[in-house]
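Topology and contacts: notes
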2 protein chains.
Amino acid sequence: MSIESAETRLRLLETATQVFAEHGYATTTIRMICGRAKVNVAAVNYHFGSKEHLYREVLRYARQRAYEKYPLTYGLEEGATPEQRLRAFVHSFLLRNFGDVRNLGFGTLTMREMVEPTSALDMIVDEGIRSLFEHLVAIVRAILGEDADEELVQACSRSTIGQCTFYLFSRTVMNRMAPEQQFGAEDVERITDQIMLFTLHALRGLSGKKTD
Amino acid sequence: MSIESAETRLRLLETATQVFAEHGYATTTIRMICGRAKVNVAAVNYHFGSKEHLYREVLRYARQRAYEKYPLTYGLEEGATPEQRLRAFVHSFLLRNFGDVRNLGFGTLTMREMVEPTSALDMIVDEGIRSLFEHLVAIVRAILGEDADEELVQACSRSTIGQCTFYLFSRTVMNRMAPEQQFGAEDVERITDQIMLFTLHALRGLSGKKTD
DNA sequence: TTTGGATTGAAACAAGCGTTTGAAACATAA
DNA sequence: TTATGTTTCAAACGCTTGTTTCAATCCAAA
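Residues numbered from 1 in each chain as written. Chains lettered and ligands numbered in written order. Predicted model: local features only at pLDDT ≥ 70, side-chain atom pairs only at ≥ 80, totals over all residues. Heavy atoms only, no water.

A few points about the side chain of R112(A)
Applicable threshold: Each helix corresponds to a stretch of at least 4 residues labelled H or I by DSSP, and each strand to a stretch of at least 2 residues labelled E; elements are numbered beginning at the N terminus. Whether a residue is buried, partly exposed or exposed follows from its accessible area with a 1.4 Å probe, protein chains only, as a fraction of its type maximum: under 20%, in between, or over 50%, in that order. The contact criterion used throughout is that any non-hydrogen atoms of two residues lie within 4.5 Å.
Here R112(A) lies in helix α6 (residues 104-115). Note on R112(A): relative accessible area 9%, which makes it buried. Not counting residues up to four positions away in its chain, the partners in contact with R112(A) are F20(A), A21(A), E22(A), H23(A), G24(A), V115(B) and E116(B).

A word on the side chain of K51(B)
All names here are of chain B. Condition: Charged-residue counts in this description rest on Lys and Arg as positive and Asp and Glu as negative, His and the chain ends being excluded. Between Lys or Arg on one side and Asp or Glu on the other, a salt bridge is scored when a side-chain nitrogen of the former is within 4 Å of a carboxyl oxygen of the latter.
The residue K51 is located in helix α4 (residues 51-69) in this model. Of the side chains with opposite charge, E52 lies nearest to the buried K51, which makes no salt bridge, at 9.4 Å. When neighbours within four sequence positions are excluded, K51 is seen to be in contact with F20, Y25, A26, T28, I30 and V44.

A look at the relation of the copies chain A and chain B
Note the following rule: Superposing copies: least-squares fit, C-alpha atoms only, residues required to have pLDDT of at least 70 in both.
Mapping chain A onto chain B calls for a screw motion: a turn of 180° about the axis and a shift of 0.0 Å along it, with 0.0 Å RMSD after fitting. As the rotation angle and translation indicate, the two copies are arranged about a two-fold axis. Closest approach to the rotation axis within chain A is made by the C-alpha atom of A202(A), at a distance of 2.1 Å. Here 100% of the interface residues in chain A have copies in chain B that are interface residues too; the copies meet face to matching face.

Brief notes about the domain arrangement of chain A
Residues and elements named next belong to chain A. What counts is decided by this rule: How far each domain reaches was decided by an automatic or database domain assignment. Summed over both partners, the accessible area (1.4 Å probe) lost when two parts come together is defined as the buried area. Think of a polar contact as two N or O atoms within 3.5 Å of one another; within protein, one of them needs to be a possible hydrogen donor and the other a possible acceptor, and neighboring residues in sequence only count if both atoms come from side chains.
Each assigned domain of chain A is listed here: domain 1 (3-62) and domain 2 (63-207). For domain 1 and domain 2, the distance between their C-alpha centres works out to 28 Å. Facing the 15 residues of domain 1 at the interface are 16 residues of domain 2. A buried area of about 1400 Å², summed over both sides, lies between domain 1 and domain 2, and 55% of it is on carbon and sulfur atoms. The three residues of domain 1 that bury the most area against domain 2 are L59, R60 and A62, which together make up 40% of that side's buried surface. At the boundary of domain 1 with domain 2, the tally comes to 2 salt bridges. Where E127 meets R60, a salt bridge forms, and the shortest distance between an N and an O atom there is 3.2 Å. Taken together, the connections running from domain 1 to domain 2 amount to 15 residue pairs in polar contact (both at pLDDT 80 or more). Put simply, the parts of the chain that give the side of domain 1 that touches domain 2 at least two residues each are α1 (3-23) and α4 (51-69).

So, the interface of chain A and chain B
Counted only if it meets this: Gly counts as polar in this scheme, as do all residues outside two lists: the nonpolar Ala, Val, Leu, Ile, Met, Phe, Trp, Tyr, Cys and Pro, and the charged Asp, Glu, Lys and Arg.
Between chain A and chain B, the contact holds 49 residues from the first and 49 residues from the second. Note on chain A versus chain B: buried area summed over both sides is about 4500 Å², and carbon and sulfur give 64% of it. When the buried surface of chain A facing chain B is broken down by residue, R158(A), R176(A) and F198(A) rank first, second and third, together holding 16% of it. The interface formed by chain A and chain B contains 6 salt bridges. With a shortest N-O distance of 3.1 Å, R190(B) and E151(A) are connected by a salt bridge. Our count for the chain A to chain B interface comes out at 22 residue pairs in polar contact (both at pLDDT 80 or more). Where the side of chain A that touches chain B is concerned, the elements lending two or more residues are α6, α7 (121-144), α8 (150-169), α9 (171-177) and α10 (188-206) of chain A. The residue inventory of the side of chain A that touches chain B, partitioned by class, reads 25 nonpolar, 15 polar and 9 charged.

Structural data, given as structure tokens:
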């Protein structure tokens, strides 16, 4: 494979990430992607085999880049407290999913896949979401106490990540309801603070208790 | 319009609600709907004008039926406390959005519209979500205290509804990660309890404080 | 410079889409 | 029964889709 061929492939990957994120899998056409990437329509099938294969490569590509830049322990030092690790989790989650124009695609692509699953959802779950959630559960368990009821730990983990995903899923609606208050990259710090404030009060109040 | 014509129209509406909820607007074809409803493909354009007009009618229809059955004050008596009103809000939200097979469509349709907006999103926001959120904000303000910082009230409202929407948006993923623990209509009571437990501890902890 | 596989490009392909057509079937009132 | 407007139906319309074709072009090795 020549250098130029690799460049075409990469340009297709980058462009397709944007277009798939903007329009979703079904609505995106190969001609949209190729038009914006300034390559021939046959290039997708030559380099990736099909629209679906390109899409799967896009998902991998976006995820890898997002986690490289913002790992689960983003900005964390050795021997951090559970509270610090929770903050790093929330903060990196927000950054990874909509904190940067350059990896804008990842959060949107994942979100779309969750709402309108293609065959690629299993890949996303197995290669990302599962370990993400387990990471969170471990932190929540550490805060609640190691002997906390498992169902309570799970429920609190869902409540915590639910607050985070809200800013991803409800972005379009919130921006329409309160256009003066956008939720973008520059608001990540403030949102992190608010989620932490809410969550830590809840977890401390529940610490050492049983569910129901 | 004859009785049979009205029946055809209604059958199209019901069937279209299911199919749009299952596949989304773009992926759904008129032939899918008409095939399942056992009417001719021309019926959609005859009774509704176009696929898009049918879709908008479906959104109205699903919303009206869902709110009729589960209003914001579902099961609430006069003079209820803010905590009781919050519980009714969470409970009715869950029931309305995925608590019943008969109004399965509403939550899914709204969710899809939020992630992949069509021109109908403004309608959804103006005729439903805006007042829903304001209703919640009023409750949260009552719990935090009337002189609570407005930004804190807003943030806590987002954290609260974020927990609710999680069970809607992340359903596909949660069911894949833990197939033995499904989140369906029979789990609404338990989920309501868990959200309330988490949220009330957070709100009580924050009561009377300022955000920073 | 010549050769041969890799890559690109314009054009065409079959299939499926939303929509339209016009005749047939139906229902209702004179 | 006849006349009139409504509703259904099979078929076709024009268009877009993902994909394929095959000649033109490129580029490194011989």
